[in-house]
Each structure stands twice: as structure tokens, then as C-alpha cells.
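One letter stands for each residue in the lines below.
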Amino acid sequence: MRKTSVYLPEETKAALHQVSLRWNRSEAQLIREAIDRLVRSADTEAAPAPPVVPPGLEGPRLIGVGVGPSAPDLITQRAIRVLERADRVFAASTAPDAIARAEAIVRSAAPEVAIDRLPFVITDTPDSRDGCFERAADALLSVLDRGQIAAFITLGDPNAYSTFPELARRVTAKRPGVPITTVPGIMAFQELAAATGTVLAEGDERIDIATMGDDLAPLSAALAKSHSTVILYKGGRRLPEIAAQLSEHDRLVGAVIGELMGLPGGRNGPVAEVADRPASYLATVIVPAQRDDRP
Ligand SMILES: C[S@@+](CC[C@H](N)C(=O)[O-])C[C@H]1O[C@@H](n2cnc3c(N)ncnc32)[C@H](O)[C@@H]1O
């Protein structure tokens, strides 16, 4: 007897389990019998109509899938459906044996989805960056060239501060006709706002989302606009300097930070309480718009 394995959609798995209980037969037995019947009838019956492919899920296609900020229950149903349907699912990783956050989320939310890691060990040299993206794009092309669906998972949303847009551009440069789509994901700042009871914007207020670079001037300019909520990504390492800027603009009160949200050791709360030392790379800061004039 030869061993084989198949991935089944969740609904089929649940239905199979119920039949196995009702008929008092193992799930493996039922699968064997079903396949046996199908193979025997193939000689006499016409081939069944091909399965109906949901629109937007025909291959070849590259799909960037956002999996949310960390908690497995913040991945969307659409993302799971797409990952279950994709022929191959890829995730960026710093080493072949390093499980990135996005992969860990999918493992918890959809354990049956197999994930291939694409090494992204980007150093400061342009060659290293270019090489990583080119090799990753080639891995995706090996799937797309077979007419299949390749999914690439990212933390949060694939259209915001992720590796997906650049990867997609490189795939388009090599295979201009291949459709590329994305599945949105919940972003870290949304989870932080909910966890800390922080209102992001009301009425005509604005939301200014930025990453923390070497230059503090853009942050200072954003903080000067009191009717804007400022959201800061990638600022963990420079948290003390950020807090000093907030104080200078009289905006420290109400500012919150979420660090390693959904992960062991994760925490969230007022910036003022933890700003005496650097935080993790996975840290998000929200500085709410000033609303002193509200009743
Ligand atoms: C490369 S960006 C990824 C952004 C992602 N595409 C999104 O839509 O949220 C990484 C930054 O996202 C934020 N971030 C992502 N996951 C987080 C988490 N679990 N806790 C806190 N911040 C997080 C941090 O600011 C981190 O520096």
C-alpha cells in the first residue's frame, strides 16, 4: 500500500468527521472507499464537470494576503479561504529554520496550510536587497508559470509597509500579464486602538501614519498639527526620543504604545509609563488628535 496525503477544506473535514461517527468507520477508511469508488467508476462514467473556481481565484495569480497583527483570531475569513485555495503559500523569513510572525499566525489559524519560507536576509548592500527580492520573485514565478496561484503572506496589511508591493513589481516586470491582487489585513494600530480604547479620528480630524526614520523632523511636523492623530511604526528603538518629542509638543498625555501585541511578553499602555528605555521593533505608537474643546 502506498501512503498519500491530501489537504481537505475545513467544511469537508467536519462533514467527514460526522459521517465517520455516524457510520462508526474511521475517516481514513471512508477516504479510501470514496477514492476507490471514484477510480472504479472512471472507466464507465464521463469525467465530472471541473470544480467551479470562485471569481478572482483562477490561476495563474499572485495574491498578497494580510494576516493581521499577531493574534490568530484577527486573520479574516477571506484570507483563510484564499490560503486554503492557493497552490503554494510563501512567507518571508530571516533563515530557513526561522518561523516569521506571519507564518506563526497562519499555523494557528489554518494549520492545514503548508508554508514555504523565502529567505530575506537584507543587509545594507544594494546587492543583498536586490538578490533577496529576485530570488523570491523567481520562487513565485515557478508557481505562476504552471498556471497556479501563489500567495504571499504579510503581517497586518500587504499594502502598508510590507515587502509585497516590491515583490509584486518584480513579478510584473518578468511576467507582465499575470494578475496580482491583495487581501486586506487588520493593521497593528487598529488592534492597539481597540485594546487601549483610543479613538483614532472623528469629524474632520486626520490620521497621519508614518514610520520612524533617522530624522525626527517629520515627526515633529506631524505632531504640530493638533487635529491629526499620529500613528508611528518602527519606532521602538527610539522610544525615549519619541516621548521627548511628544512632551515638547504637549502630546504625551493620551499617547499609547503597543509592543509585541498578541505575542508572549506583549503589552500596551501609556507611552509615558515605558518611555525610559527602547522598546521592541514590533512596537506601534498612537498619539490621538487633541480634543480639549470637546464637551
Ligand atoms: C514592516 S511593518 C509591518 C506593517 C504591517 N504591514 C501592517 O499593516 O501593520 C512593521 C511594523 O508594524 C508594527 N507592528 C506589526 N506587528 C505588531 C505587533 N504585533 N505589535 C506592535 N506593533 C506591530 C510595528 O510598528 C512594526 O515596526
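For the structure itself, look to the data block above.
Residue indices begin from 1 for each chain and proceed along its sequence in written order. Per-residue local features are limited, in this predicted model, to residues with pLDDT of at least 70; the limit for side-chain atom pairs, both in listing and counting, is 80 or more; totals at the level of whole chains, interfaces and linings are taken over all residues.

> Outline the sheet that holds strand E4 (residues 149–154), supporting the account with residue identities and numerical values.
Strand pairing is defined by DSSP finding a minimum of two bridges between the two strands. Here a helix means four or more residues in a row that DSSP labels H or I, a strand means two or more in a row labelled E, and each is numbered from the N terminus. Read across the sheet, 5 strands follow the order E3-E2-E4-E1-E5 without closing on themselves; strand pairing throughout is parallel. Of all strands in the sheet, those with a lone pairing partner are strand E3 (115–119) and strand E5 (180–183), marking the two edges. Ignoring strand direction, the axes of neighbouring strands in this sheet form an average angle of 30°. Alignment of strand E2 (residues 88–93) against E3, held across 5 bridges, turns out to be parallel. Within E3, the position partnered with Val-89 by the bridge is Ile-115. Any residue pair is listed as a contact if its two C-beta atoms, each placed from the backbone, are within 7 Å. Axes here refer to lines fitted to C-alpha atoms; in helices the fit is confined to the stretch in contact. Angles between the N-to-C directions go from 0 to 180 degrees. Relative to strand E1 (residues 61–66), helix H3 (residues 77–85) is tilted by about 140°, and along the sheet it contacts E1, E2, E4 and E5. Seen against the sheet, helix H4 (residues 101–109) touches E2, E3 and E4 and runs at an angle of roughly 110° to E4.

> Which residues make up the packing of helix H8 (residues 217–224) against helix H9 (residues 239–248), and what values go with them?
Where H8 contacts H9, the two axes come as close as 10 Å, and the packing angle between them is 35°. Both H8 and H9 take part in a crossing whose hand is right-handed. Across the interface between the two elements, Leu-219, Ser-220 and Leu-223 of H8 pack against Ile-242, Gln-245 and Leu-246 of H9. Partitioned by chemical class, the residues of the contact of H8 with H9 number 4 nonpolar, 2 polar and no charged. Here a crossing is called left-handed whenever its near helix is offset anticlockwise from the far helix by less than a right angle, and right-handed whenever the offset is clockwise. The nonpolar class holds Ala, Val, Leu, Ile, Met, Phe, Trp, Tyr, Cys and Pro. Asp, Glu, Lys and Arg form the charged class, and all remaining residues, Gly among them, are polar.

> Can you tell me about the site of the ligand, naming the residues and giving the values?
Around the ligand, 22 residues are found, and the nearest of them are Gly-156, Ala-188, Tyr-233, Lys-234 and Met-261. Of all the elements in the fold, those that place two or more residues in the shell around the ligand are strand E8 (256–259) and strand E10 (283–287). Segmentation of the chain into domains, including their bounds, is taken from an automatic or database domain assignment. Composition of the shell around the ligand by domain shows at least three residues from each of domain 1 (61–183) and domain 2 (188–287). Throughout this description, a residue near a molecule or strand is one whose C-beta atom, derived from the backbone, lies within 6 Å of it.

> Summarise the nonpolar core; cite the residues concerned and give the values.
Here a nonpolar core is just a set of buried residues of the types Ala, Val, Leu, Ile, Met, Phe, Trp, Tyr and Cys, joined wherever their C-beta atoms sit within 7 Å. To sort residues by exposure, count the other C-beta atoms lying within 10 Å of each residue's C-beta; 20 or more gives buried, 12 or fewer gives exposed, and values between give partly exposed, all with C-beta atoms placed from the backbone. Residues Val-65, Leu-140, Ala-150 and Ala-151 are the most contacted members of the largest nonpolar core, which totals 65 residues. Looking at this core, you find at least three residues from each of domain 1 (61–183) and domain 2 (188–287).

> Talk me through helix H7 (residues 188–196); I want residue IDs and the actual numbers.
Every buried residue belonging to H7 is among Ala-188, Phe-189, Glu-191, Leu-192 and Ala-193, and all of these are buried. Against the buried residues of H7 lie strand E7 (228–233), E8, strand E9 (267–270) and E10. Within two residues after H7, Gly-197 carries a phi angle of roughly 65°, on the positive side.

> Residue-level account of the pairing of E8, with values.
Residues Val-256 and Gly-258 of E8 are buried on one face, and the alternating residues Ile-257 and Glu-259, pointing to the opposite face, are buried as well. Here 4 bridges tie E8 to E9, and the two strands are oriented antiparallel to one another. Looking at the pairing, Glu-259 lines up with Arg-267 of E9. Two strands pair when backbone bridges link them, and E8 and E10 are joined in this way by 4 bridges, in the antiparallel orientation. Bridging across to E10, Val-256 finds its partner in Ile-286.

> Help me get a handle on the sheet that holds E9, residues and values and all.
Here 5 strands make up an open sheet; going across it, the order is E6-E7-E10-E8-E9 and the pairing mixed. In this open sheet, the two strands that pair with only one neighbour each are strand E6 (206–211) and E9. Sheet twist, expressed as the average angle between the axes of neighbouring strands with direction ignored, equals 15°. Examined bridge by bridge, E7 and E10 share 4 bridges and lie antiparallel to one another. Note on E10: the bridge partner recorded for Tyr-233 is Thr-284.

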